[in-house]
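Residue-level listing of the chains:
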Amino acid sequence: MTKEDPSIQESLLQLSIQLGHPLDQSSVEQLYQNALDLLTHISPTPVTLARVAGTLLVYHIQDPEGDELKWFKTQIEQCLDEEEVEESIESLHRTDAL
């Protein structure tokens, strides 16, 4: 299990401010915990954990109850290892994705 990383939470807080949707500490902690929960089946590096948490933050800001958020969570839970998680996140940024 990944140890708690306060720098990831601080980064989420700063990112939310930069995106114009500042979150309170409890919301940041919840996003961080959600990212940890999605990755319990693998042992992610702090970078992967931060990327998942950051993606959750963006979905939270754009549409917190949207189908895209549910889809993303399902994709991450189905990944067999950290490399698949990274590939899933990368695929979100491709314009040629199906």
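Predicted model only: the values in this text are computed from it and were never measured.

*Asks:* Would you mind going over the pattern of salt bridges with me for this structure?
*Replies:* For side chains of opposite charge, pairing can occur when their charged atoms come near one another. With the rule as written, the count across this model stands at two salt bridges. For Glu86, the salt bridge goes to Arg51, with nearest N and O atoms at 2.1 Å. On the criterion of sequence distance, the pair formed by Glu86 in helix H5 (residues 82-92) and Arg51 in helix H3 (residues 46-62) is long-range, its members being 35 residues apart. In this structure Glu86 comes out as buried when scored by relative accessible area, which is 18%. For Arg51, a relative accessible area of 25% translates into the label partly exposed. What emerges from the salt-bridge pattern is a single network uniting Arg51, Glu86 and Glu90.

*Asks:* Got a minute to help me understand the packing of helix H1 (residues 6-18) against H3 in this structure?
*Replies:* Between two packed helices, both the angle of their axes relative to each other and the distance between the axes serve to describe the pair. Closest axis-to-axis distance for the H1/H3 pair is 10 Å, and the angle between their directions is 30°. Overall, the two elements H1 and H3 adopt an arrangement that is roughly parallel. Crossing handedness for the pair H1 and H3: right-handed. Where H1 abuts H3, its residues Ile8, Leu12, Leu15 and Ser16 lie against Pro46, Leu49, Ala50, Ala53, Gly54 and Leu57. Residues belonging to the contact of H1 with H3 are distributed by class as follows: eight nonpolar, two polar and no charged.

*Asks:* Is there a simple way to explain the side chain of Thr48 in this structure?
*Replies:* Here Thr48 lies in helix H3. Those residues in contact with Thr48, other than ones at most four positions away along the chain, are Glu82, Val85 and Glu86.

*Asks:* Even after reading the chapter, I still don't get the packing of aromatic side chains, so can you show me in this structure?
*Replies:* Two numbers describe a pair of aromatic rings. These are the distance of the centres and the angle of the planes. Going through the model one piece at a time under the given rule, you end up with one aromatic pair. Between Tyr59 and Phe72 the ring centres are 5.6 Å apart and the planes differ by 45°, which places this aromatic pair in the tilted class. Pair noted here: Tyr59 is in helix H3 and Phe72 is in helix H4 (residues 67-78), with a separation of 13 residues, a long-range link. With a relative accessible area of 11%, Tyr59 lands in the buried category.

*Asks:* What is the right way to look at the nonpolar core in this model?
*Replies:* Nonpolar side chains tend to gather and get buried jointly when the protein is soluble and globular. Membership of the largest hydrophobic core comes to 24 residues, with the highest contact counts inside it found for Leu12, Leu39, Leu49, Val52, Leu56, Phe72 and Val85. Put simply, the parts of the chain that give this core at least two residues each are H1, helix H2 (25-38), H3, H4 and H5. Discounting chain neighbours no more than four positions away, the residues touching Leu39 are Pro44, Leu49, Val52, Ile76 and Val85.

*Asks:* How should H4 be read in this particular structure?
*Replies:* Side chains three or four residues apart in an α-helix point the same way, a direct result of the helix having 3.6 residues per turn. Across its twelve residues, H4 extends 17 Å between first and last C-alpha, which sits within 8% of the 16 Å expected from 1.5 Å per residue. For H4, the set of buried residues is Leu69, Phe72 and Ile76. Angularly, the buried residues of H4 cover 60° about the axis, an arc narrow enough to put them on a single face. Residues of H4 that are exposed and point over 90 degrees away from its buried face: Asp67 and Gln78.

Rules of the game
- Residues numbered from 1 in each chain as written.
- Predicted model: local features only at pLDDT ≥ 70, side-chain atom pairs only at ≥ 80, totals over all residues.
- Heavy atoms only, no water.
- Salt bridge = Lys/Arg side-chain N within 4 Å of Asp/Glu carboxyl O.
- Helix = DSSP H or I, 4+ residues; strand = E, 2+ residues; numbered from the N terminus.
- Buried < 20%, exposed > 50% of the residue type's maximum accessible area, 1.4 Å probe, protein only.
- Axes fitted to C-alpha atoms, helices over the stretch in contact; angles between N-to-C directions.
- Parallel < 35°, antiparallel > 145°, perpendicular 65-115°, else oblique.
- Left-handed = near helix turned anticlockwise from the far one by under 90°.
- Contact = heavy atoms within 4.5 Å.
- Nonpolar A, V, L, I, M, F, W, Y, C, P; charged D, E, K, R; others polar.
- Phe/Tyr/Trp six-rings, centres within 6.5 Å; stacked < 30°, edge-to-face > 60°.
- Core = buried A, V, L, I, M, F, W, Y, C linked by side-chain atoms within 4.5 Å.
- Expected span 1.5 Å × (residues − 1).
- Arc of directions from axis to C-beta.

Bear in mind that shape data such as this cannot, by itself, settle questions of function.
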